[in-house]
Amino acid sequence: MAHPSAPEQIAREVIAAAKREPGKLNIGTPPPGTSANLGGELFKSLAGVDITIVTYRGTGPLTTDLLGGHVKLGLNVPAPAMSMLKAGSLKPLAVLASRRSSHLPDTPTSAEAGLRASSRG
């Protein structure tokens, strides 16, 4: 998800920005070991990008900083931010799932956004 002022509108644009300027893009996640944090590491690996993952103490502080524009991009579980995503206070870029979310049906899956698991093992 992203703050509305983030120039990236879709996940592919995040990947392109990260490839243009390796190491300059920051993405907030909940604490290490959470599914969203691990999703950030998976995103880096599948996209082949060098991004900095900024970990937060929880989904609440991350959501607050996304809303305030202190961090422009975040990998977060959707539940704490659903009302803000639907209202447009935050924008969804992709869901890290095999199917689209029934709560965000217009948001592409990570595979639809160009992130596919490698067959290299």
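Please refer to the structure placed before this passage.
The following refers to the structure shown. Along every chain, residues carry numbers that run from 1 in the direction the sequence is written. Local features in this predicted model are restricted to residues of pLDDT 70 or higher, and side-chain atom pairs are both shown and tallied only at a pLDDT of 80 or more, whereas totals for entire chains, interfaces and linings draw on every residue. Excluding hydrogens and water, the side-chain figures rest on all heavy atoms present in the structure.

**Details of the pairing of strand S1 (residues 26-29)**
Should DSSP find at least two bridges between two strands, the strands are regarded as paired. Where helices and strands are cited, they refer to DSSP runs of H or I of at least four residues and of E of at least two residues respectively, numbered from the N terminus. Alignment of S1 against strand S2 (residues 52-55), held across four bridges, turns out to be parallel. The residue bridging Gly28 from the neighbouring strand is Val54, located in S2.

**Things to note about the layout of surface pockets**
One simple way to see leftover space: roll a probe sized like a water molecule over the atoms. The distinction between a cavity and a pocket rests on a 1 Å grid over the protein atoms alone: a 1.4 Å probe fits inside a cavity but cannot get out, while a pocket stays open yet meets protein on both sides within 12 Å along at least five of seven lines, and a residue with an atom within 4 Å of a point counts as lining. Grid points are joined across faces, edges and corners, and a volume is the space filled by probe spheres set on the points. Size it by volume and the largest pocket reaches roughly 540 Å³. Surrounding the largest pocket, 27 residues form its lining, Leu75, Asn76, Ala94, Val95 and Leu96 being those nearest its centre. Contributions of two or more residues to the lining of the largest pocket are made by helix H1 (11-20) and helix H2 (35-47). Top element by residues in the lining of the largest pocket is H2. It accounts for four residues. Taken together, the residues of the lining of the largest pocket sort by class into 19 nonpolar, six polar and two charged. Each residue is assigned to one of three groups, with Ala, Val, Leu, Ile, Met, Phe, Trp, Tyr, Cys and Pro labelled nonpolar, Asp, Glu, Lys and Arg labelled charged, and all others, Gly among them, labelled polar.

**Notes on H1**
Accessible area is worked out with a 1.4 Å probe on protein chains only. A residue is then buried under 20% of its type maximum, exposed over 50%, and partly exposed in between. Within H1, burial applies to Ala11, Val14, Ile15, Ala17 and Ala18. Down the axis of H1, the buried side of the element spans an arc of 165 degrees, and every buried residue falls inside it. Counted as exposed and oriented over 90 degrees from the buried face of H1: Lys19 and Arg20. Residue contacts follow a heavy-atom distance rule, with two residues in contact if any of their heavy atoms lie within 4.5 Å. Among the structural elements, S1 and H2 are those in contact with the buried residues of H1. Directions from the helix axis toward the C-beta atoms define the arc.

**A look at the side chain of Glu8**
Mapped onto the secondary structure, Glu8 falls in the segment before H1. Counting rule applied: Lys, Arg positive; Asp, Glu negative; His and chain ends not counted. Here a salt bridge means any side-chain nitrogen of Lys or Arg lying within 4 Å of a carboxyl oxygen belonging to Asp or Glu. Here Glu8 occupies a buried position and makes no salt bridge, while the nearest side chain of opposite charge, Arg20, is found at 5.6 Å. Not counting residues within four places of it along the chain, the set of residues in contact with Glu8 comprises Glu13, Val14, Ala17, Leu25, Leu73, Lys91 and Leu93.

**With respect to the pattern of salt bridges**
Taken as a whole, this structure holds two salt bridges when the rule is applied. A salt bridge links Lys44 to Glu41; its shortest N-O distance comes to 3.9 Å. Here Lys44 and its partner Glu41 are both found in helix H2, three residues apart, which amounts to about one turn of the helix. Among the ionic pairs, Glu112 bridges to Arg100, the shortest N-O distance being 2.9 Å. Taken together, the residues span a long stretch of sequence, with Glu112 in the segment after helix H4 (82-87) and Arg100 in the segment after H4 at a distance of twelve residues.

Any functional reading would require information that these geometric values do not contain.
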